[in-house]
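# Residue-level structure breakdown
Each chain is listed here by its residues.
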Amino acid sequence: MSDLKETMLIGSEGIKKTILHGGTGDIPKFTTGAKVTFHFRTQLCDDERTVIDDSRVVGTPMEIVIGNMFKLDIWEALLSSMRVGEVAEFWCDTIHTGVYPLVSKSMRRIAEGKDPVEWQVHTCGMANMFAYHSLGYEDLDELMKEPKPLFFVLELLMVQQPSEYNRESWALSDEERLKVVPVLHGQGNKLFKQGRYQEAAQKYKEALICIKNVQTKEKAWDVPWLKLEKMANTLTLNYCQCLLRMEEYYEVIEHTTDIINQHPGVAKAYYLRGKAHKEVWNEAEARQDFSRVLDLDPGMKKAVKKELAVLSMRMEEKNQEDKNTYKGITHIFIMGMAFVQINCNEVSHSLYLMLKITY
């Protein structure tokens, strides 16, 4: 219990700590900006101690930066009571676990190889939940509807001070993130002009991550949130332009649709989605999107006219290809039937001769 006294966790409401394996040395300094690496296992407080998440199963430890307003801030307090190498079990009451389902969703998306920052859906976590009524995982939905006490089993692997590691964008302060966004945006634009679309897409994506990390701390639809949203939409559309050049058409449709669902007045989102639909032969969808572009921004009439002309030409080519394919299949079918008929005639003739000889 000395660990708890040293870190002032003793007496904290709704927390109980049990040391499972002692660590080494003194308790590290958990200064602002320090990067903490640890394994975690989250369990329900039921008879089976049902495991919700386990970083060891995923194979990658968790990393957080102290003072960066990680959504589950109680983890900073728990880790701050530990020595390197220590394994401890913490029982935490619902006052500390209410947002865990949102955090778990992000961590699971990382494990699935998806974007850890939910920039495709332009709402913060809570607003997103109310808008879609599901986090996409049944167990997390249940936990969100009815918060429960949880066990967190933590193993502290390493604590690095700010000067001891290279700080990536996710480790920056909010002020630093907002300063780096226009730099990344400019680098992306330059790379795009040079035809280096994959590298440009990465710069836009890094800028988006910075914006979304800041935006999650603002109240959805308030003025500061909306300003960040506008910046994020611009970067997302730039990212989609890279995806078009990289022929990732369905991903373009996904991202632009997310913007349109939240902000149905963004003409460029319809324009880029229309271009993506055009490339995957979705003629009706493409024409509908281009029509909407003209409604929202008549100044894009020339660009839309050009896209519609290309669409018509592509559809004519496809229709001709389909006809040729159909003709080819029909020819093969006719030849096959003729072959079968010839064989049938030969068999019939042979059978006739056999019967004639027999009689």
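Now for a look at the structure at hand. Only a predicted model underlies this, so the values are computations on that prediction, with no experimental measurement involved.

## A short note on the pattern of salt bridges
On inspection of all chains with the given rule, the structure shows 16 salt bridges. Here Glu307 and Lys275 are joined by a salt bridge, their closest N and O atoms 3.7 Å apart. Highlighted residues: Glu307 in helix H14 (residues 301–358) and Lys275 in helix H12 (residues 267–279), separated in sequence by 32 residues. A relative accessible area of 8% means that Glu307 is categorised as buried. With a shortest N-O distance of 2.5 Å, Lys278 and Glu307 are connected by a salt bridge. Of this pair, Lys278 sits in helix H12 while Glu307 sits in helix H14, and the two are 29 residues apart along the sequence. Each member of the pair, Lys278 as well as Glu307, carries the same accessibility label: buried. Residues participating in the shared-partner salt-bridge network are Lys275, Lys278, Glu279, Glu307 and Arg314.

## Considering the packing of helix H8 (residues 174–193) against helix H9 (residues 197–215)
Packing of H8 against H9 brings their axes to within 8 Å, and their N-to-C directions diverge by 160 degrees. Classified by the interaxial angle, the pair formed by H8 and H9 is roughly antiparallel. Seen along the crossing, H8 lies across H9 with a hand that is left-handed. The residues of H9 that touch H8, namely those facing Asp174, Arg177, Leu178, Val180, Val181, Leu184, His185, Gln187, Gly188, Asn189, Leu191 and Phe192, are Tyr197, Glu199, Ala200, Lys203, Tyr204, Glu206, Ala207, Cys210, Ile211, Asn213 and Val214.

## Things to note about the packing of helix H10 (residues 223–245) against helix H11 (residues 249–262)
Packing of H10 against H11 leaves a shortest axis separation of 9 Å and a crossing angle of 165 degrees. Relative to H11, the element H10 is oriented roughly antiparallel. The element H10 and its partner H11 pack so that their crossing is left-handed. For the pair formed by H10 and H11, the contact residues are Asn233, Thr236, Leu237, Tyr239, Cys240, Leu243 and Leu244 on the first element and Tyr249, Glu251, Val252, His255, Thr256 and Ile259 on the second.

## A word on the nonpolar core
Counting 39 residues, the largest nonpolar core has Tyr204, Leu235 and Tyr271 as its most contacted members. Of all the secondary structure elements, the ones that give two or more residues to this core are H8, H9, H10, H11, H12, helix H13 (283–296) and H14. The element that contributes the greatest number of residues to this core is H10, accounting for nine residues. Among residues more than four places away in sequence, those in contact with Tyr271 are Phe290, Val293, Met300, Ala303, Val304 and Glu307. Core analysis: the second largest hydrophobic core is formed by 35 residues, Leu72, Ile74, Cys92 and Val103 among them.

Cut-offs used in this document
Residues numbered from 1 in each chain as written. Predicted model: local features only at pLDDT ≥ 70, side-chain atom pairs only at ≥ 80, totals over all residues. Heavy atoms only, no water. Salt bridge = Lys/Arg side-chain N within 4 Å of Asp/Glu carboxyl O. Helix = DSSP H or I, 4+ residues; strand = E, 2+ residues; numbered from the N terminus. Buried < 20%, exposed > 50% of the residue type's maximum accessible area, 1.4 Å probe, protein only. Axes fitted to C-alpha atoms, helices over the stretch in contact; angles between N-to-C directions. Parallel < 35°, antiparallel > 145°, perpendicular 65-115°, else oblique. Left-handed = near helix turned anticlockwise from the far one by under 90°. Contact = heavy atoms within 4.5 Å. Core = buried A, V, L, I, M, F, W, Y, C linked by side-chain atoms within 4.5 Å.

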